[in-house]
Structure formats: structure tokens, C-alpha cells
There are 2 protein chains.
Amino acid sequence: MSEADADPNAAMDDNRLQPAFLRAIESALNAEDEGEVRALVKPLHPADIADLFEQLDADHRTALTTALGRDLNADVLAEMNDWVRDEVVGELAPEHVAEAVSEMDTDDAVALIEELEPAEQEAVLDELSADDRVAIETALSYPEESAGRLMQRELIAVPEHWTIAQVLDFLQTARDDVTDFWEIFVVSPEHKPLGTMRLSWLLTAPRWLGVSDVMQRQQTLIPVDLDQEEVALRFQKYALISAAVVDRDGRLAGVITADDIVHIIAEEAGEDILKLSGAGDGDIFEPVVDSYKARVRWLIANLLTGIVSASIIASFGATIEKMVVLAALSPIVASIGGNTGNQTMAVIVRALATGQMTNANTRRTILREAAVAFLNGVTIALLLGTGVALLFSNAQLGGVIAAATVFNLIIAGLAGVMVPLGLKRLGVDPAVASSVFVTMITDSMGFLLFLGFATASGLAA
Amino acid sequence: MSEADADPNAAMDDNRLQPAFLRAIESALNAEDEGEVRALVKPLHPADIADLFEQLDADHRTALTTALGRDLNADVLAEMNDWVRDEVVGELAPEHVAEAVSEMDTDDAVALIEELEPAEQEAVLDELSADDRVAIETALSYPEESAGRLMQRELIAVPEHWTIAQVLDFLQTARDDVTDFWEIFVVSPEHKPLGTMRLSWLLTAPRWLGVSDVMQRQQTLIPVDLDQEEVALRFQKYALISAAVVDRDGRLAGVITADDIVHIIAEEAGEDILKLSGAGDGDIFEPVVDSYKARVRWLIANLLTGIVSASIIASFGATIEKMVVLAALSPIVASIGGNTGNQTMAVIVRALATGQMTNANTRRTILREAAVAFLNGVTIALLLGTGVALLFSNAQLGGVIAAATVFNLIIAGLAGVMVPLGLKRLGVDPAVASSVFVTMITDSMGFLLFLGFATASGLAA
């Protein structure tokens, strides 16, 4: 995958599949030329074959699945988007899926199997060897999105009393039993973790030293039930490459490596943006009906907040009838408040998700956001108030809209902090439900303040 | 950091600093009892000491900086939030900073130094050894947020003709020269990368084998100028633990490891949510004035879109005067359109950022989003139209709001795809500017469609 010499006919450029290559694949699929399809796909990295599936339409995906046959292996399936993989796996025989699963690390195998329908799941599990089956069923017994489902069980553990030379000799014999590993775990006779050794220490340490001289005793242990978001935070915080997972009795149960965590981190951080917008899982490969169901809920919730605003406006009907320009200007106050609320809310949701916002700095953060909102409020109020006063030659109208804007922006800033914080304290995911409440507050307060000040000041009298 | 036995007096619980511990630190700082402060802080992991700084207010941070003295070392500074670190480093003598920097890997050192004022930067660089200074100045010569700034230069490279036994012997002598490493790079005599060996292969391979028998030739090379977001995508896509960075001549220049990338991934994915909301960097530790400047720009842009909507409403003043309920209902149509647009936009911005959306599936994605928007539009239109018709005993009014809603939601769905896509094609970051355009479209079309249909159908006549 060197990029030194760019070949115009290459499948890949700048790490993306090329349109010309995709067209070549599609025409080979249309011509049912399976030899040509396989020849084109063969040089690709498994992750790029997975990409290829994602970029083809449903018919070509089916054709490619058939054309690849057993070349559609564990590595390719492990890299595929969940929705696309569901579709592809649905077309494979259970024996084919079982063969792929048996070649995967436990974490990838579980990720594939947990998405299957119960009947398919059973059919695939039946085809597995007893060992693989037990490993996967144990993993499936842990909660969804927990460390137990992310970990792989294949790992190297050694006793504390060994020397480095003994560990090196042991590894020469362990060749066939493990896949890649990045750290060696030191365990007690009860298989409880005592410390870790990075492979680079093992390789550079004098061979006569004892394991206990080289190992690091301070280690980050991941409980098997821990939520994957929390696992990801620990990998970030302590800059881990791999970490031991311990079962409920404190025994070493598996290992999680950073390459699995990068997916989780991207997923969790990206999820917030989708949740905040009310777009559910928000995957472009999700079936239309699932997207519809996820999104329409939030639109209905938004409809209810719209009804609250409409009632407020309607209650000022007499004022509006006398001065119809108020109807034109009031959405500005509401909308700029909504915008301010969204800015603050996004900052707070991120700070809560990354663990930066804690009890210790809550008060400081609220004051900080109120200060930013106040500065913004004054700036926008000056611009809007002056503009309106000049345009309509009506200083009172300018004053009313300026006052409403300052108050609404301060309320918006506070709502943007307090709503996600309050939801978090109630145990609700702040990314999911904050938007609806913040929008309701900023919209209704925007209309109420502007139309209320206009009426109270006798502007339209 | 085992969590088997929770100690109520422990500094940490559930991976967070405890409020009681923070209060103990604050009172020791208030009492200027530096011995007590150091005793409390000593058992903490460097990442937790960094957290401690983030959670204290500005005065206590200064006091803690003084109290820790030289214990405020490279590891702690490397883990600190950028804004907080700026503040802390500003209070340290250049020799102290230089000492910490010289203990850091190049990537961490660069991350610290690149944020300093030019004069401070110069003062720190002057205190460094010639070697360290050259390493950092070379890194700083690469663009900000590029692979060259993320990589560390310390790595192990071996020639292809060695045996595994030779590599093992070499590592025994290399002990003092390198920090941790996860892969060994095989290079040509011109120092161009030929392949990699994971340490686990090296440890399990028979020692008489040649490097060329064990190494993997297919490798992901990162050009030194590559943007960090693209680097992060490659780590995710190919599940990398470390990757070689090559300079413009294709020579091995450094290595990037997954533990540095987890920060970038979290940062980049989290950035989108903040950019979409118009909150700039959106860090709770950012100075208030910087937050104000970043956010007020987008509020002013939003003000302009508000003026467009207001003009549209004002142009229907005659209709509204005759039927003031139209003024109350029109924000619902606009707002529900804005919501739909935001949902679609969030999905598309993520799909673009993760490389899932490409030329090959653009048409399919647009049709898909239009279908979801149509289903949502019909659902909401039925609810809203029926509700309005019944409430106001006016079937025509219900029909008008239903029709406006269906059209506005389809427009919103299309805008949610086309705007980020169009910005991306123009080379503008879709997360930054999409919101303003989408809101402008959904707001103005919402008012235009509803008031326009009402007027055209003679509803208020």
C-alpha cells in the first residue's frame, strides 16, 4: 500500500477505492465473470474488500457474495459495516459463517453473531467446535456493549517466579496457540492479574532477570461488565495499547486491545452528534424503515414543543393584529436563542461524555457558559436592536427586541448547561433528550419575552 | 488501580477523582502545606494528576503547580487538556519546561511546544540539547495536525538480511536508546521501509529464521504530510497498533502508535458535533473570550438567516392581518423542517467524515434520505393537519399546513444531504458551515410554503 508511485489504473488511491475500479467490478459482476471478479478483488486488503461491499448496491452485493465464495473470509466480514454484514451473512450457508467465525478472535466473532436472528445464531453455533461455541456463548452472556463482549480470550499469562529466559522459551512453544499479542500478563496461581510486561521490555531486558523485576505492577484492570464507553475512556486516559479484563472474581478473563477500541471511540463520539440531532443510529446503510422509526419519534416530540410556542403566539393575537411586524420579527428571537442553546449544549454533552465535567467544576462551568451567553446576547441585541430601530424608525421596537434577545440568550446558555446536566443526574443519556427540552425552552421563551415585552410596553397600543 | 476493594477514603473511585479527595487537596493548598499536597498526589497516575489540575480552579492550579515543583513532570504535562496546560506551563521556568520536554517522546513534546507563544517557545528550545532541539524543530516544520507532528522518531529498524536471533541480540544492546515500541521495521540500505514485524511474531518465531521469512511486506505507510484525521481513519480501517511514517523521499521517518491516535479519533469525532452547533473548539477549559469569538460569528450568520425568514413573513403581512392564527402556526412548519434537516445533516456529516459516503453511493444515499424524509413528512403532516383541522374546525387550514409540511420536510431531507455534500466538493468542511445553510433553507421554505399556500388558496380571504 505504498503511495510513492500512483498508478492511474490502481484499485486504490488516497486510501479510497477508485470509481474506475468499482465500474470494472460492476461490469464483471453483470457479465457473471466470477474469475475476473476474483482476480480484481484478490490484491485488496480485507478492509478494502469490506469497503467494496459497502459501496455496491444490494444486487451487486449479492452477486459479489456468490462470486467470492469462501474468499469471503473472517477478516473481510469482521471489517464490514453492521448493516451490510447482516445482509451479506443472511445469504451465506451457516457452515460458511461458522467457518469464518471459528477463524476470528472472540471479540470479532461475538460482534458478528450477536447481530444475527436467534434462529440463524443457533444454526451457526451448532456448526462450531465445542471450544469455540463455549467461548462465544460465555461472551454473549455478558451485557451488550460491555467489556466482556469486546475482549478476546486468547492471551499469554505467566507466573511471577519465572525468569525472562523462561518466558522467552515458553513463547517459542506457544507459537500455535495464540494470535497477535502486545503485552504479557503476570498472574497469581489463582489466575489473578499481578502486573503486565510490554513486549518491548521483555525483548530489551537482560535474560537472567526475573519477571517480577521487569513487570509493572500498576495496571488498569477492566471489569468484565464495564460499559464499552467507559472502557474507551480508560484507554484514552491512560494511553493503553492493551488492558486485562477481569471476571467478577477478579481473575484474568481476557484482553482488550487498542485496535478494537478505536472503533468504539469513533462510534461513541460520533453517536453523540447523531443522538443530539435525533437521528438515532444514523447509519447510511440502515434500512429506510428503521431510520424512519428512529427519527419520526423526535419529530413528534418537536411537534409538541411547536404547539407550546404556537399557543404562546396565539395568546398575543390581539397585539399581533395591531402590529403585524411583530409576527415577522418574533421567530428571529426564538431562533437565535435556539442556536445559542445548541452551542452550549454541544459543548456540555461533549464535556460530560469525555469525563471533563465533574462535580468539582460544575459551578465554574455554569458561570462560564452564562458569561459567554451574556456577551453573545449583548452583541446580538445591539446589532438586532439597532437594525430594527433604524429600519422601522421605531426606537421602542428596537429596545423591545434587544431586551428580549439578551434575556433569551442568557436563558438559552443556562438551559444548554442545566438540561444535559440534569438529565445526566437523572440517569438519562444527555445526548439523547437534551435537544427537545432546550429547543422548547428557547423557542417558547423567545416568543414569550418578545411578544410579552411588546405588549407590556404598549408598543402596539 | 484494581477495583476489587473500594476504599471510601481512596482518591479514585470508578476511575474518577473523588470529591472528598479534591477537598483534601484544596484545604492542603489553602494551608500552604506542600508536604501534605505532595503526599496526597504522589500515589496518583500521571493522567489522574492531570485530571486534578483540570478540576481545580485557577488559583488552586497555580498553588498546585508551585507545590509540586519538579514532580510536575513530562508524563503529567503530556496528559493535560491543552488550555489548562497552557496556563500551567506559563507559570513554569523555561528550564523546568525544557527538562520535561526532553523526557517526552517527540510527539508529546511537539504537542506541548506548538501551543506556546513564540517567545516562550524560543526560550524553551534554547534550553534543550542540540539533538532534542533538532528533533522538535523538524517536527514543527511539518503542517499543524499532520502525521509529522504526531509521530515519534524513536523506533527500531533492522535490515532484511538479519536472522531473528540477530534481531534479538540487537535489541539487548538497544536497551537504553528507545522507549516502548510495538513493531520492528525492516528497512532497505536507503532506510526505506520494506515491511514490519510485530513483536509477538518475533517472540514466537524460530530463532534461525530470517527476518525476511517473518516480516509482513504489505504495510500501511503514512506520508509525513498526511492530515491527522486521515491518519486516524487508516488506523481505524486497518486496525493498526502502530504504523510507519515516511518522509517525502519515502524514507522511514518515524512511527505513530494507536495510543496517540485514540486521542485524535475522539477529538475529530467530537469536533463534528461542536462544529455543527457552531461552538468552535467547544472546550470547557477554553477562555471565555475565545468561546465568545468562536460562537458569536455563527449567531450573526444565524441572524442573517432570521432576517430572510422575517422578510418572507412580512411580505405576507396582509394575509396574517386577516387571519392571525397563521402567525402562530407558521413557526411549527419551519421548526419541524429544521429538525428534519438537522437529522439528515448529522447522518451525512458523519458518513462523510468516516469515509462511508463516496461517489459510488451518493445517488443511493440521496434517494434513501428523500424516502425517509417523505415518510416522516407524511406522518407529521397527517398528525398536524388533522389536529389543526379539528382544533380550528377548518379543514382547509388543516390541508394547507399538511401540504406545507410534506413539501418542507422533503426539501429539508434533500438540503440535509446536498448542503454538506456540496460544501465537501467545494473543499469546505461540511461540519462547519452546513447548519447555517440548512436552517436558512428549512426556515424560509417553511414560512414561504405555509403562508404562500394559505394566501394562494384564499384561506384568509
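Scroll up for the structure.
Residues numbered from 1 in each chain as written. Chains lettered and ligands numbered in written order. Predicted model: local features only at pLDDT ≥ 70, side-chain atom pairs only at ≥ 80, totals over all residues. Heavy atoms only, no water.

Time to look at the interface of chain A and chain B. Of the residues lining the interface, 131 residues belong to chain A; the matching set on chain B comes to 131 residues. When the buried area of chain A at its contact with chain B is split by residue, Trp182(A), Leu203(A) and Ile284(A) rank highest and sum to 7% of it. Linking chain A with chain B are 8 salt bridges, by the criterion used here. Here chain A and chain B share 41 residue pairs in polar contact (both at pLDDT 80 or more) between them. Tallying contributions element by element places helix 19 (residues 325-353) of chain A first for the side of chain A that touches chain B, with 16 residues. By residue class, the composition of the side of chain A that touches chain B is 69 nonpolar, 34 polar and 28 charged. (Contact = heavy atoms within 4.5 Å. Buried area = accessible area lost by both parts, 1.4 Å probe. Salt bridge = Lys/Arg side-chain N within 4 Å of Asp/Glu carboxyl O. Polar contact = N/O pair within 3.5 Å; in protein donor to acceptor, adjacent residues only side chain to side chain. Helix = DSSP H or I, 4+ residues; strand = E, 2+ residues; numbered from the N terminus. Nonpolar A, V, L, I, M, F, W, Y, C, P; charged D, E, K, R; others polar.)

Residue and element names in this part refer to chain B. Spatially, 6-7-8 is the arrangement adopted by the 3 strands of the open sheet, whose pairing is mixed. The sheet is open, and its two edges are formed by strand 6 (222-223) and strand 8 (252-257), each paired on a single side. Across 2 bridges, strand 6 lies against strand 7 (residues 242-246) in parallel orientation. Residue pairing for strand 7: isoleucine 222 is matched across the bridge by valine 245. (Pairing = 2+ DSSP bridges.)

Time to look at the pairing of strand 5 (residues 193-198) of chain B. All names here are of chain B. With 5 of its 6 residues buried, strand 5 lies for the most part within the structure. Here 5 bridges tie strand 4 (residues 183-187) to strand 5, and the two strands are oriented antiparallel to one another. Bridge pairing in strand 5 places phenylalanine 185 opposite threonine 196. The turn linking strand 4 back onto strand 5 is made up of 5 residues, and histidine 191 within it adopts a positive phi angle of 65°. (Buried < 20%, exposed > 50% of the residue type's maximum accessible area, 1.4 Å probe, protein only.)

Before going further, it helps to spend a moment on the relation of the copies chain A and chain B. The transform that puts chain A on chain B rotates by 180° and translates by 0.0 Å along the axis, for an RMSD of 0.1 Å. Taken together, the rotation and translation relating the two chain copies correspond to the operation of a two-fold axis. The residues that chain A uses at the interface reappear at the interface of chain B in 100% of cases, marking a shared surface. (Least-squares fit on C-alpha atoms with pLDDT ≥ 70 in both.)

Further remarks concern the pairing of strand 4 (residues 183-187) of chain A. Residue and element names in this part refer to chain A. Burial runs high along strand 4: 5 of the 5 residues are buried. Where burial is concerned, the two faces of strand 4 agree: the one with Glu183, Phe185 and Val187 and the one with Ile184 and Val186 are both buried. Inspection of the sheet shows strand 3 (residues 157-159) paired to strand 4 by 3 bridges, in the parallel sense. Counted as the bridge partner of proline 159 is valine 187 from strand 4.

Honestly, it's all geometry; don't read function into it.
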